[in-house]
Amino acid sequence: MRGGISLGSPRGVKVMVGPSWWLVLPAVGLGIFAGIDPSVGSRPARILVASGGALAFLASVVGHELAHAFAAVRYSVAVKRVVVFLLGGYSEMSL
């Protein structure tokens, strides 16, 4: 994958995040920010909450794909890497 960012290799499974996430994270953050009532808190506080929500979204997609990879490893299927892109991801496996 070109331009991808490596998030490490938990249990030997390489995790890559594609460059499309530079579009997805701000879009998700802006969506969350727009949904927060301005009377709830200051602008910096709402930005912080929206940023945290966007990162939590990324973490949930990575966690979901890692669950597939760890299940495959448990059943002796070789996993090359997990790739997260746009609004999803996949686990590269080989038999």
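The structure this text deals with has already been given above.
So, here is what we can say about the structure in this document. Note that the structure is a prediction, hence the values are computed from the model and not measured.

What follows covers the sheet that holds strand β4 (residues 88-94). Strand order in the open sheet made by the four strands is β1-β2-β3-β4, with mixed pairing throughout. The open sheet has two free edges, formed respectively by β1 (5-8) and β4, since each of these has just one partner strand. Strand-to-strand twist across the sheet, computed as the mean angle between neighbouring axes with direction ignored, equals 25 degrees. Pairing analysis gives seven bridges linking strand β3 (residues 78-85) to β4, with the strands arranged antiparallel. Its bridge partner lying in β4, V82 is registered against S91. Sitting on the sheet, helix α2 (residues 43-74) is in contact with β1, β2 (14-17), β3 and β4, with an inclination near 165 degrees to β3.

A cluster of nonpolar side chains, contributed by F85, L86, L87 and Y90, occupies part of the molecular surface with about 390 Å² of accessible area. By the secondary structure assignment, Y90 is in strand β4.

Moving on to the side chain of R46. By the element assignment, R46 lies in helix α2. For the buried residue R46, which engages in no salt bridge, the nearest side chain bearing the opposite charge is D37, 7.3 Å off. In this view, R46 contacts F33, I36, D37, P38 and G41; residues no more than four positions away in its chain are not counted.

Take the pairing of β1 next. Relative to β2, β1 runs antiparallel, the two sharing three bridges. Opposite G8, over in β2, you have V15 as the bridge partner. What sits between β1 and β2 in their antiparallel hairpin is a turn of five residues, with R11 showing a positive phi close to 55 degrees.

Helix length check: α2, at 32 residues, gives a terminal C-alpha distance of 46 Å against a target of 46 Å (1.5 Å per residue), a fit within 8%. The set of residues buried in α2 consists of R46, A50, A54, L58, V61, V62, E65, L66, A69 and A72. Of the surrounding elements, those touching the buried residues of α2 are β1, β2, α1 (21-34), β3 and β4.

What counts, and where the lines are drawn
- Counting starts from 1 at the beginning of each chain's written sequence and moves along it residue by residue.
- Totals for whole chains, interfaces and linings use every residue, but because this is a predicted model, local features are given only for residues with pLDDT of at least 70 and side-chain atom pairs only at 80 or more, for both listing and counting.
- The side-chain values count all of the structure's non-hydrogen atoms but skip hydrogen atoms and water molecules.
- In this analysis, strands are considered paired if DSSP registers two or more bridges between them.
- Per the convention used, a helix needs a DSSP run of H or I reaching at least four residues, while a strand needs a run of E reaching at least two, with both numbered from the N terminus.
- Lines fitted to C-alpha atoms define the axes here, with helix axes fitted over just the stretch in contact, and angles between the N-to-C directions of these axes take values from 0 to 180 degrees.
- We call two residues contacting when some pair of their heavy atoms lies within 4.5 Å.
- Every patch collects residues that have over 30% relative accessible area and no salt bridge, joining them within 9 Å if they carry like charges and within 5 Å if they are nonpolar side chains (Val, Leu, Ile, Met, Phe, Trp, Tyr).
- All accessible areas in this document rest on Shrake-Rupley with a 1.4 Å probe, and a residue is counted as covered only by the protein chains that are shown.
- Put simply, a salt bridge is a Lys or Arg side-chain nitrogen that is within 4 Å of an Asp or Glu carboxyl oxygen.
- The rule is simple: take the accessible area with a 1.4 Å probe, protein chains only, and divide by the maximum for that residue type; under 20% is buried, over 50% is exposed, in between is partly exposed.
- Counting rule for charge: Lys and Arg are taken as positive, Asp and Glu as negative, and neither His nor the chain ends is counted.
- Any helix carries an expected span of 1.5 Å times its number of residues minus one.

On their own, these measurements won't tell you what the molecule is for.
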